[in-house]
Amino acid sequence: MIPTTFSSKFQGAVSMNALRCYVSEFISTFFFVLAAVGSVMASRKLTAGDVTGPFTVLIPAIANAFALSSSVYISWNVSGGHVNPAVTFGMAVAGRISVPTALFYWTSQMIASVMACLVLKVTVVEQHVPIYKIAGEMTGFGASVLEGVLSFILVYTVFTANDPRRGLPLSGGPIFIGFVAGANVLAAGPFSGGAMNPACAFGSAMIYGSFKNQAVYWVGPLLGGATAALVYDNMVLVPTAEDDRGSSTGDATGV
């Protein structure tokens, strides 16, 4: 029974519909990472390298909000607009997508992030691609906890924005997702970077050539995303019979 179930889920993960989802995730993640990481480089250019000024946080926060809203929107009805391995992990934990599908989502997101950072490296020759760093007054554990809390808020918002039982137009969901991402960057940017996105952190680290503290941007967001999924699906809103039937299909559309 188990091998048969896994085989059927794997076949669903390599169907044409699933492939369209992976392409959609690649495009939306590429766009988001290009804007998010590029905004940090732009702020350094505009502030003449002054990393202590308010604009070094304000500019990336605004860019994250706008870029994530747009990135989620353009793939909302195709792949679910995850744009983030933490969101994908939460969807897999909640049973809304299969594990093989989640792994392919991750692959698309990671490759897109690396490609976006590579484009920035090749085109902006006067600057290095920035990486997420932990402030001196924080420990790695504290930064991981902070990133986890931020990711919990983000993924919880994703689940909320996509819930048709709320009676609100789903087309407005990406806007609120972008808002909470921008707010999180404003709140935590000077401390942990406010990444909330393992793919974004991985791509910039890969091109920069340093994976220092990389675990902070994986462990925290993944645990935060999984916790948000479990809390929302099991404590806030009890799934209906129709939701149970939909989640058991293991299709590629996660959001």
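Computed from a predicted structure; not experimentally measured.

(A) Summary view of the overall build of the protein. From N to C terminus, the protein includes ten helices and zero strands. Element order for the protein, N to C, with α for helix and β for strand: α-α-α-α-α-α-α-α-α-α. A burial count over the protein gives 49% of its 255 residues as buried. Considering only intrachain contacts with a sequence separation of at least 6, the fraction spanning at least 24 residues in the protein is 81%. As displayed, the protein offers around 12000 Å² of accessible surface, 70% of which is attributable to carbon and sulfur atoms.

(B) Broad picture of the side chain of Ser43. Checked against the element boundaries, Ser43 lands in helix 2 (residues 16-46). Setting aside residues up to four positions removed in sequence, Ser43 forms contacts with Phe55, Thr56, Ile59 and Pro60.

(C) Structural context of the side chain of Asp233. As for its position among the elements, Asp233 is in helix 9 (residues 216-236). Given a relative accessible area of 9%, Asp233 falls into the buried group. A distance of 2.6 Å separates a polar atom in the side chain of Asp233 from a polar atom in the side chain of Arg96.

(D) Structural view of the packing of helix 2 against helix 3 (residues 55-75). The contact between helix 2 and helix 3 brings their axes to 9 Å, and the two run at 165°. As the angle between them shows, helix 2 and helix 3 are arranged roughly antiparallel. Crossing angle aside, the handedness with which helix 2 passes helix 3 is right-handed. Mapping the contact onto sequence places Ser24, Glu25, Ser28, Phe31, Phe32, Ala35, Ala36, Ser39, Val40, Ser43 and Leu46 in helix 2 and Phe55, Thr56, Ile59, Pro60, Ala63, Asn64, Ala67, Leu68, Ser70, Ser71, Ile74 and Ser75 in helix 3. Its residues assigned to classes, the contact of helix 2 with helix 3 shows 13 nonpolar, nine polar and one charged.

(E) Structural view of the packing of helix 6 (residues 140-161) against helix 7 (residues 173-188). At a minimum axis separation of 9 Å, helix 6 and helix 7 run at an interaxial angle of 170°. In terms of axis orientation, helix 6 runs roughly antiparallel to helix 7. As helix 6 runs across helix 7, the sense of the crossing is right-handed. Two secondary-structure elements touch here, helix 6 through Leu146, Leu150, Ile153, Leu154, Thr157, Val158 and Ala161 and helix 7 through Gly173, Phe176, Ile177, Val180, Ala181, Asn184 and Ala188.

(F) Representation of the packing of aromatic side chains within the structure. In this structure the tally under the stated criterion is eleven aromatic pairs. Ring geometry for Trp106 and Trp218: centres 5.9 Å apart, planes at 70°, overall edge-to-face. Taken as a pair, Trp106 in helix 5 (residues 99-123) and Trp218 in helix 9 lie far apart in primary sequence, 112 residues in all. Accessibility expressed as a relative area gives 18% for Trp218, which makes it buried. Ring geometry for Phe159 against Tyr232: centres 6.0 Å apart, planes inclined by 55°, an arrangement best described as tilted. Taken together, the positions of Phe159 in helix 6 and Tyr232 in helix 9 put the pair 73 residues apart, joining distant regions of the chain. Accessibility classification places Phe159 together with Tyr232 in one group, the buried group. An aromatic cluster is defined as three or more aromatic residues linked by ring pairs; in this entry it consists of Phe152, Tyr156, Phe159 and Tyr232.

(G) Highlighting a nonpolar patch on the surface. A surface patch of nonpolar side chains, about 500 Å² in accessible area, is lined by Val23, Ile27, Phe31, Tyr73 and Ile74. Looking at which element gives the most residues to the nonpolar patch, the answer is helix 2, with three residues. Secondary-structure assignment places Ile74 in helix 3. Assessed through its relative accessible area of 48%, Ile74 is described here as partly exposed.

(H) Representation of the confidence of the model for the protein in the model. Taken residue by residue, the protein gives an average pLDDT of 88. The fraction at 70 or more is 86%. This model gives residues 245-255 a pLDDT under 50, and the stretch forms 33 contacts once residues within four places in sequence are excluded.

(I) Up close: the environment of Phe179. Mapping Phe179 onto the fold places it in helix 7. Between the C-alpha atom of Phe179 and that of Ser69, which follows or precedes it by 110 residues, the distance is 7.8 Å.

The rules behind each value
Residues numbered from 1 in each chain as written. Predicted model: local features only at pLDDT ≥ 70, side-chain atom pairs only at ≥ 80, totals over all residues. Heavy atoms only, no water. Helix = DSSP H or I, 4+ residues; strand = E, 2+ residues; numbered from the N terminus. Buried < 20%, exposed > 50% of the residue type's maximum accessible area, 1.4 Å probe, protein only. Contact = heavy atoms within 4.5 Å. Areas by Shrake-Rupley, 256 points an atom, 1.4 Å probe, with all protein chains shown as cover. Polar contact = N/O pair within 3.5 Å; in protein donor to acceptor, adjacent residues only side chain to side chain. Axes fitted to C-alpha atoms, helices over the stretch in contact; angles between N-to-C directions. Parallel < 35°, antiparallel > 145°, perpendicular 65-115°, else oblique. Left-handed = near helix turned anticlockwise from the far one by under 90°. Nonpolar A, V, L, I, M, F, W, Y, C, P; charged D, E, K, R; others polar. Phe/Tyr/Trp six-rings, centres within 6.5 Å; stacked < 30°, edge-to-face > 60°. Patch = residues over 30% accessible without salt bridge, like charges linked within 9 Å, V, L, I, M, F, W, Y side chains within 5 Å. Salt bridge = Lys/Arg side-chain N within 4 Å of Asp/Glu carboxyl O. pLDDT = per-residue confidence, 0-100.

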